[in-house]
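Single-letter residue listing:
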Amino acid sequence: MLKEYPTGVYGYDEYPIRVLTTRRGNAMTTNEFQVTGMTCGHCEMSIREEVSEVPGVEDIQVSAQTGTLVVTGSGSLDDAQILAAVAEAGYSAVRTA
């Protein structure tokens, strides 16, 4: 069951997910990655939680079905920090676009 946690945080049962919004009027950067090892929604959630902690990240789209991670942020995004966050979640990734 979907629960509302403190402001801007939603999640299913004991797995809260921070909801990120995109600011308008700022230059946005979008980086795409191919992630290895994702098989389910929990995998997506683990990656989303770790990548959301990277400074400048505004939006995260992740799909276990396609193995893609699309990260949008204000200004420049640090690929090394995003890849480290994916590794912290237990997966490996390479930048594709």
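Scroll up to find the structure this text is about.
Residues numbered from 1 in each chain as written. Predicted model: local features only at pLDDT ≥ 70, side-chain atom pairs only at ≥ 80, totals over all residues. Heavy atoms only, no water.

**Things to note about the sheet that holds strand 7 (residues 92-95)**
Alright, step 1. In space, the 4 strands of this open sheet follow the order 5-6-4-7, with antiparallel pairing throughout. Because the sheet does not close on itself, it has two edges, and the strands there are strand 5 (57-63) and strand 7. Each neighbouring strand pair of the sheet contributes to a mean axis angle of 25 degrees, computed without reference to strand direction.
Alright, step 2. In the sheet, strand 5 pairs with strand 6 (residues 68-74) via 6 bridges, with the strands oriented antiparallel. Note that in strand 6 the partner of Ile 60 across the bridge is Val 71. (Pairing = 2+ DSSP bridges. Helix = DSSP H or I, 4+ residues; strand = E, 2+ residues; numbered from the N terminus. Axes fitted to C-alpha atoms, helices over the stretch in contact; angles between N-to-C directions.)

**As for the pattern of salt bridges**
Alright, step 1. According to the stated counting rule, one finds 1 salt bridge in the structure shown.
Alright, step 2. With its nearest N and O atoms 2.8 Å apart, the salt bridge here joins Arg 95 to Asp 79. Within this pair, whereas Arg 95 is found in strand 7, its partner Asp 79 is found in helix 2 (residues 79-88), the two being separated by 16 residues in sequence. (Salt bridge = Lys/Arg side-chain N within 4 Å of Asp/Glu carboxyl O.)

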